[in-house]
Structures are given as C-alpha cells and as structure tokens.
Amino acid sequence: YQYFVSIDWTGGIYASPTLAGSRPGGISVATWAGMVHLGEEGYLELTEGIIRTARAIREGIRGENGIDGLEVIGNPLSSVVAFRSTSPKEVNIYGVGQAMAKNGWNLNSL
C-alpha cells in the first residue's frame, strides 16, 4: 500500500493513494527498476555523457569558433543549455530550433 499525504499544500490537506502524489505508482516502479538495472556505475556513465554533451553545445555556441548571432544564457553547469538570438532580425531562434529538429535534435522553444 502506498500513500502520499501533504499537510502543507496550499489547497488544504492533500492525500493520494500513490507514492508519487497524483502520479500513478507505475512511473515510480519503472524509474526504480531502471536505476537498479543501470546501477551506480551505469548511471554515472550516462550522466557524464549528458554533461559532456551539454558542455560541447555550450562551447559550440560561445567558443572561439562559436555561432554568430547566438548567445548562451547564464553558465549552465549540468544538462540544460539555454541560448538566445542576439540579432533577432538576422537569426530567428525558432528557425534555429526547426532546423535542429530536422537533424534529430529535440529542443524546447520558450
């Protein structure tokens, strides 16, 4: 039996018959099984690959041979790299996202 209860929820006492609140327990179980399958070493290996990729994207935009018209926002330390157009009239940021999608990238345009 798995239950989640929060007495600090702004709408009053919140109770749900699943461990993850309103989400089904299957997601929690699948996540746990994935972590058990990977093990700590496998998890760390995948995490390092994600961080290396994020750093390569960051440096590809801001490095010596960076992309004119794009700018990395902030100093991303993990897997999320936000960037914007410094010349919206010349570089359409949504067009960049669409072009990358054609090459298999999945970006969130905000």
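In short, a report on the structure. Please read all numbers here as calculations on a predicted model, not as lab measurements.

**Examining a nonpolar patch on the surface**
Next up, step 1: A cluster of nonpolar side chains, Met35, Leu38, Tyr43, Leu44 and Leu46, forms an exposed patch at the surface whose accessible area comes to about 440 Å².
Next up, step 2: On the secondary structure map, Leu38 appears in helix α1 (residues 25–62).
Next up, step 3: Accessibility expressed as a relative area gives 34% for Leu38, which makes it partly exposed.

**Things to note about the nonpolar core**
Grouped burial of nonpolar side chains is what soluble globular proteins tend to show.
Next up, step 1: Membership of the largest hydrophobic core is limited to eight residues, which are Ala54, Ile61, Leu70, Val72, Val81, Phe83, Val91 and Val96.
Next up, step 2: Among the secondary structure elements, those contributing two or more residues to this core are α1 and β3 (70–72).
Next up, step 3: Sequence-distant contacts of Ile61, defined by excluding residues within four places in its chain, comprise Gly66, Ile67, Leu70, Glu71, Val72 and Phe83.

**A few points about the environment of Val5**
Next up, step 1: Within the secondary structure, Val5 sits in strand β1 (residues 4–6).
Next up, step 2: Under the relative-accessibility criterion, Val5 is labelled exposed at 55%.
Next up, step 3: Residues Val5 and Ser16 lie 11 residues apart in sequence; the distance between their C-alpha atoms is 6.5 Å.
Next up, step 4: Setting aside residues up to four positions removed in sequence, Val5 forms contacts with Ile13, Tyr14 and Ala15.

**Some details on the pattern of salt bridges**
Next up, step 1: Per the counting criterion, the structure on display carries two salt bridges.
Next up, step 2: For Arg58, the salt bridge is made with Glu59, and the minimal N-O distance between the two is 3.2 Å.
Next up, step 3: Take Glu59: its relative accessible area is 40%, and that puts it in the partly exposed class.
Next up, step 4: One salt bridge in this structure joins Glu71 and Arg84, with 2.7 Å as the shortest N-O distance.

**What about a negative patch on the surface?**
Next up, step 1: Where like charges cluster on the molecular surface, the negative patch consists of Glu40, Glu41, Glu45 and Glu48.
Next up, step 2: Examined against the element boundaries, Glu45 turns out to sit in helix α1.

**Here we look at helix α2 (residues 93–102)**
Next up, step 1: N-capping of α2 is provided by Asn92, with a side-chain oxygen placed 2.8 Å from the backbone N of Tyr94.
Next up, step 2: One or two steps after α2, the chain reaches Gly104, where phi turns positive at roughly 90°.

**Digging into the side chain of Arg58**
Next up, step 1: Examined against the element boundaries, Arg58 turns out to sit in helix α1.
Next up, step 2: By relative accessible area, which is 13% here, Arg58 ends up buried.
Next up, step 3: In this view, Arg58 contacts Gly63, Val72, Asn75, Pro76 and Val81; residues no more than four positions away in its chain are not counted.

**Comments concerning the packing of aromatic side chains**
Aromatic ring pairs are reported here in terms of the distance separating the ring centres and the angle at which the planes meet.
Next up, step 1: Inspection of the entire model under this criterion finds one aromatic pair.
Next up, step 2: Measuring from ring centre to ring centre gives 5.3 Å for Trp9 and Tyr14, while their planes differ by 55°; the resulting arrangement is tilted.
Next up, step 3: On the basis of relative accessible area, Trp9 is assigned to the partly exposed category, the value being 47%.

Calculation criteria
Residues numbered from 1 in each chain as written. Predicted model: local features only at pLDDT ≥ 70, side-chain atom pairs only at ≥ 80, totals over all residues. Heavy atoms only, no water. Patch = residues over 30% accessible without salt bridge, like charges linked within 9 Å, V, L, I, M, F, W, Y side chains within 5 Å. Areas by Shrake-Rupley, 256 points an atom, 1.4 Å probe, with all protein chains shown as cover. Salt bridge = Lys/Arg side-chain N within 4 Å of Asp/Glu carboxyl O. Helix = DSSP H or I, 4+ residues; strand = E, 2+ residues; numbered from the N terminus. Buried < 20%, exposed > 50% of the residue type's maximum accessible area, 1.4 Å probe, protein only. Core = buried A, V, L, I, M, F, W, Y, C linked by side-chain atoms within 4.5 Å. Contact = heavy atoms within 4.5 Å. Lys, Arg positive; Asp, Glu negative; His and termini not counted. Charge placed at Lys NZ, Arg CZ, Asp CG, Glu CD. Polar contact = N/O pair within 3.5 Å; in protein donor to acceptor, adjacent residues only side chain to side chain. Phe/Tyr/Trp six-rings, centres within 6.5 Å; stacked < 30°, edge-to-face > 60°.

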